[in-house]
Amino acid sequence: MTTPALLPLSGRRIPTLSPGASSFPHHRATLRLSEKFILLLILSAFITLCFGAFFFLPDNSKHKRFDLGLEDVLIPHIDSPKEGKGNQGERGRERPSERGTQSEEEESLRDKIRADHERALQEAKEKLRKSREELQAEIQTEKNKVMEDLKKKDAGPKPLPPVPMPKVVSVSDGEPPEPDAKEKRDKIREMMKHAWDSYRQYGWGHNELKPLAKKGHSTNIFGNSQLGATIVDALDTLYIMGLHEEFKDGQEWIDQNLDFGVNAEVSVFEVNIRFIGGLLAAYYLSGQEVFKLKAVQLAEKLLPAFNTPTGIPWAMVNLKSGVGRNWGWASAGSSILAEFGTLHMEFVHLTYLTGNPAYYQKVMHIRKLLAKMDRPNGLYPNYLNPRTGRWGQHHTSVGGLGDSFYEYLLKAWLMSDKTDTEARKTYDDAIEAIERHLIRKSNGGLTFIGEWKNGHLERKMGHLACFAGGMFALGADGSPDDKAGHYLQLGAEIAHTCHESYDRTVLKLGPEAFKFDSGLEAVAVRQNEKYYILRPEVIETYWYMWRFTHDPKYRQWGWEAAQAIDKYCRVSGGFSGVKDVYSSNPTYDDVQQSFFLAETLKYLYLLFSSDDLMPFESWVFNTEAHPLPVLHLGNITLPEDF
């Protein structure tokens with residue numbers, strides 16, 4: 001579950017400047033301009049001082065008195081607190097006994113002003129005597145000083161308080177006892193190595209990779225800057241797979257190059273789940289402080305997005321200016337449920353690590369606001385206006401625009417060691433309404449999750465909604481009214497339907513969306529719904545179902561998907577999405593998505609690993625498959641109302 005229903009638009013990239021580099025193309029011209037500017041500045045200062053001396057030095061022939069009484073200067077028409085009402089007429093008059101003192105003070109101030117002027121004039125003369133080389137050296141010194149000040153300003157927070165760390169995963173953890181599973185797991189690791197090495201060679205530092213063009217790629221969700229999204233997104237997968245040399249390369253790039261002080265407008269949701277989630281997971285797995293510090297630096301840049309009348313954050317924020325806005329296509333300027341509702345896990349951990357309650361308070365405010373609102377048929381619409389606090393278009397989906405909101409309600413409960421009962425109750429109520437209004441069985445017996453639009457059910461299910469099978473299984477334990485078996489079965493039915501959407505294509509890869517009407521079931525109808533962009537949601541559900549049932553069909557289905565990806569999406573420069581899964585000769589979209597390394601390959605690897613690798617008792621995965629540890633009661637350092 002990564003981006004909402006619409007695909008990110010391509011963003012125009014501009015080369016980023018290395019630290020200290022000039023933003024102008026002609027360096028010599030810049031120096032000449034700087035010298036002229038300094039000389040003009042010195043000359044103007046000299047003239048100003050001369051005129052200042054002429055006009056402002058006191059002249060006894062013209063000024064009978066130079067009253068320096070502090071009270072008269074600051075508050076000439078207001079009674080001193082120490083004076084009674086009867087003294088109001090005395091304000092501003094000289095008292096004979098004070099004239100001698102005032103005369104001495106006037107003379108002292110005149111001497112001070114003269115000394116200051118003489119010192120400034122002497123400095124100006126010295127500047128004018130200096131050679132061109134000396135002026136250039138002074139200019140460079142001033143530049144260096146400004147750069148150092150900026151570095152100190154952007155150096156991030158002070159060292160953060162130590163917190164208890166979970167058990168670090170060792171390289172040997174998770175090796176399956178079955179030789180067949182081990183062989184398949186090794187193949188998944190090889191696919192990860194190919195994806196990473198291709199990015200390392202052709203797209204290093206860019207957000208993503210164009211594997212056919214063999215160059216970097218970016219989209220508008222990351223702004224116009226090279227933030228190395230693939231590096232951050234892939235780190236924990238590399239670590240879990242034991243690819244530690246590659247992990248170190250990524251860590252070094254992050255330490256030296258990852259800069260959030262850029263003038264870039266980014267998606268709050270995407271940057272939270274990919275960057276903050278990825279950095280936090282890398283920190284918890286490796287213990288390297290740089291990841292924690294970078295996560296906190298970025299989180300501080302996201303906080304201005306919450307400066308709205310309701311506290312519902314904007315969809316986008318400029319990392320430099322803090323200015324936020326919403327997507328132009330969202331209903332009447334609304335924020336999106338799956339975006340502002342998918343911050344809780346990361347923000348709770350930020351408060352846990354920093355001791356700063358602001359992150360926790362922001363997400364709890366969102367939860368409390370939603371709890372007070374009316375919900376049509378118990379359903380949460382996908383759009384909410386951050387200015388008015390009113391719902392936008394009444395469109396409800398467990399796929400794009402809605403999906404991870406429900407996921408994070410359940411995972412907030414799990415991450416709290418099952419103490420956040422408010423989150424669990426909210427999840428249970430939401431799922432009950434979804435089951436009543438959105439979940440149906442097709443004529444062919446396939447269980448699917450439709451979309452509610454203005455009072456009508458659209459019998460269409462998106463690939464993104466296929467994550468819900470795993471969610472239902474994960475939330476089965478703890479369900480009300482002894483419904484654990486029911487929700488585990490519901491998860492299995494969703495997994496079966498999503499497998500059918502794969503199995504009914506030529507490539508054995510699932511389409512972006514598929515319908516259940518007009519005699520067609522689990523098949524895409526529109527051309528713009530037939531693409532596969534390396535999405536993970538179906539494989540994610542296979543993994544959860546495998547963990548809870550150990551039914552071998554889930555490994556079989558996962559291996560089918562892995563083989564299809566390797567056969568039809570692999571190219572010499574990495575892995576690419578395909579535009580039509582029903583064509584035997586598909587064209588490529590030429591994008592290796594960062595979530596392919598973060599999610600798809602990680603879930604495949606875990607599917608063929610033993611259960612002691614990332615056990616559910618200790619870890620909860622965010623919606624980008626970044627594992628965050630369960631916060632056990634004894635370790636919590638959150639605000640008192642946690």
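Residues numbered from 1 in each chain as written. Predicted model: local features only at pLDDT ≥ 70, side-chain atom pairs only at ≥ 80, totals over all residues. Heavy atoms only, no water.

Right, let's get into the UniProt feature "active site" (unreviewed entry) in the chain. Cross-referencing UniProt, the feature "active site" (unreviewed entry) maps to Glu270, Asp403, Glu512 and Glu537 in the present numbering. Along the chain, aspartate 403 falls in helix α13 (residues 403-415). Here aspartate 403 falls in the buried class, since its relative accessible area comes to 4%. A polar contact is formed between the side chain of aspartate 403 and the side chain of serine 404, at a distance of 3.5 Å. Here glutamate 537 lies in helix α17 (residues 537-549). A relative accessible area of 0% means that glutamate 537 is categorised as buried. (UniProt positions renumbered as here; feature names shortened; annotations may be inferred. Helix = DSSP H or I, 4+ residues; strand = E, 2+ residues; numbered from the N terminus. Buried < 20%, exposed > 50% of the residue type's maximum accessible area, 1.4 Å probe, protein only. Polar contact = N/O pair within 3.5 Å; in protein donor to acceptor, adjacent residues only side chain to side chain.)

The next subject is the packing of aromatic side chains. Tallying each qualifying case throughout the model produces 30 aromatic pairs. For the pair tryptophan 543 and tyrosine 544, a centre-to-centre distance of 4.9 Å together with 50° between the ring planes defines the contact as tilted. Judged by its relative accessible area of 0%, tryptophan 543 falls in the buried class. Every member of this aromatic cluster is reached through a ring pair, and the members are Trp543, Tyr544, Phe548, Tyr603, Phe616 and Phe621. It is arginine 200 that lies over the ring of tryptophan 204; its NZ or CZ is 4.0 Å from the centre. Its end group placed over the ring of phenylalanine 616, arginine 547 keeps NZ or CZ at 5.0 Å from the ring centre. (Phe/Tyr/Trp six-rings, centres within 6.5 Å; stacked < 30°, edge-to-face > 60°. Lys NZ or Arg CZ within 6 Å of the ring centre and 35° of its normal.)

The next point concerns helix α7 (residues 244-257). Within an α-helix, residues lying three or four positions from one another point in the same direction, as the helix has 3.6 residues per turn. With 14 residues, α7 extends 20 Å between its outermost C-alpha atoms, agreeing within 8% with the 20 Å of an ideal straight helix rising 1.5 Å per residue. Three or more residues of α7 are buried, namely Glu246, Phe247, Gly250, Gln251, Trp253 and Ile254. Down the axis of α7, the smallest arc covering the buried residues is 160°, so these residues share one side. Across α7 from its buried face, at more than 90 degrees, point the exposed residues Glu245 and Gln256. (Expected span 1.5 Å × (residues − 1). Arc of directions from axis to C-beta.)

Here the focus is the sheet that holds strand β12 (residues 456-458). Strand order across the open sheet formed by three strands is β8-β11-β12, with antiparallel pairing between neighbours. Edge positions in the open sheet fall to β8 (395-396) and β12, since each of these has one partner strand only. In this sheet, strand β11 (residues 451-453) lies alongside β8 in antiparallel orientation, the contact comprising two bridges. Following the sheet pairing, threonine 396 is matched in β11 by tryptophan 452. (Pairing = 2+ DSSP bridges.)

Topologically, glutamine 251 is positioned in helix α7. With sequence-adjacent residues up to four places away left out, glutamine 251 is seen in contact with Leu235, Gln288, Val290 and Phe291. (Contact = heavy atoms within 4.5 Å.)

This brings us to the packing of α17 against helix α18 (residues 552-568). Packing of α17 against α18 leaves a shortest axis separation of 8 Å and a crossing angle of 155°. One way to sum up the angle between α17 and α18 is to call them roughly antiparallel. α18 is crossed by α17, and the crossing has left-handed handedness. Of the residues in α18, those touching α17 at Ile539, Tyr542, Met545, Trp546 and Thr549 are Pro552, Tyr554, Arg555, Trp557, Gly558, Ala561 and Ile565. Its residues assigned to classes, the contact of α17 with α18 comprises nine nonpolar, two polar and one charged. (Axes fitted to C-alpha atoms, helices over the stretch in contact; angles between N-to-C directions. Parallel < 35°, antiparallel > 145°, perpendicular 65-115°, else oblique. Left-handed = near helix turned anticlockwise from the far one by under 90°. Nonpolar A, V, L, I, M, F, W, Y, C, P; charged D, E, K, R; others polar.)

Let us look at the pairing of strand β14 (residues 513-517). Taking burial as the measure, the five residues of β14 include four buried ones, the bulk of the element. The sheet contact formed by strand β13 (residues 460-462) and β14 spans three bridges and is antiparallel. Each residue of the ladder has a partner; that of lysine 460, found in β14, is lysine 515. The hairpin formed by β14 and strand β15 (residues 520-523) contains two residues between the paired strands, and serine 518 there has a positive phi angle of roughly 55°.

Moving on, we get to the sheet that holds β13. Working definition: the strands of a sheet are paired by backbone hydrogen bonds and lie parallel or antiparallel to each other. The sheet built from three strands is open, its strands ordered β13-β14-β15 with antiparallel pairing. Bordering the open sheet on either side are β13 and β15, each of which pairs with just one other strand. In this sheet, neighbouring strand axes are inclined to one another by 15° on average, regardless of whether the strands run parallel or antiparallel. Summarising the sheet, β14 and β15 pair through three bridges and their orientation is antiparallel. Along β15, the bridge assignment pairs aspartate 517 with leucine 520.

Let us look at the pattern of salt bridges. Scanning the entire structure with this criterion turns up 33 salt bridges. Salt-bridge contacts for aspartate 428 lead to arginine 424; the nearest nitrogen and oxygen are separated by 3.0 Å. Linking aspartate 428 with arginine 424, this pair stays in helix α14 (residues 421-437), spanning four residues, or about one helical turn. The network of salt bridges with common partners includes Lys187, Glu190, Asp566 and Arg570. (Salt bridge = Lys/Arg side-chain N within 4 Å of Asp/Glu carboxyl O.)

Here we come to the packing of α7 against helix α9 (residues 289-302). The interhelical angle for the contact between α7 and α9, taken along N-to-C directions, is 45°, at an axis separation of 10 Å. By the angle class used here, α7 and α9 are oblique. For the crossing formed where α7 meets α9, the hand is left-handed. Taken together, the residues of α9 that come into contact with α7 (itself represented by Phe247, Gln251, Ile254 and Asp255) are Val290, Phe291 and Lys294. In terms of residue class, the contact of α7 with α9 is made up of four nonpolar, one polar and two charged.

Once that is clear, we can look at the state of the cysteines. Across all of its chains, the model carries one disulfide by this definition. One disulfide bridge connects cysteine 466 with cysteine 498, the sulfur atoms lying 2.0 Å from each other. Where cysteine 466 bonds to cysteine 498 through sulfur, the torsion about that S-S bond is close to -95°, and the disulfide is left-handed. Taken as a pair, cysteine 466 in the loop between β13 and α15 (468-474) and cysteine 498 in helix α16 (residues 484-503) lie far apart in primary sequence, 32 residues in all. Both residues of the pair, cysteine 466 and cysteine 498, belong to the buried class. (Disulfide = S-S within 2.5 Å.)

So, about the nonpolar core. In terms of nonpolar packing, the biggest core is built from 165 residues, with Phe275, Met461 and Phe472 touching the most fellow members. Ranked by residues supplied to this core, first place goes to helix α8 (residues 268-286) with twelve residues. In contact with phenylalanine 472, other than residues within four places in its own chain, are Tyr427, Ile431, Ile439, Ile449, Tyr487, Leu490, Gly491 and Ile494. (Core = buried A, V, L, I, M, F, W, Y, C linked by side-chain atoms within 4.5 Å.)

Here the focus is empty space enclosed by the protein. Counting across every chain of the model gives four cavities of 30 Å³ or more. If you add up the space inside the largest cavity, you get close to 60 Å³. If you go around the largest cavity, the residues you meet are Val268, Phe269, Pro313, Trp314, Ala315, Ser335, Ile336, Glu339, Phe340 and Leu343. When residues of the lining of the largest cavity are traced back to their parent elements, those giving at least two are α8, β6 (335-336) and α10 (337-340). Per-class residue counts for the lining of the largest cavity are eight nonpolar, one polar and one charged. (1 Å grid on protein atoms, 1.4 Å probe; cavity = no way out; pocket = protein on both sides within 12 Å on 5 of 7 lines; lining within 4 Å. Points joined across faces, edges and corners; volume = space filled by probe spheres on them.)

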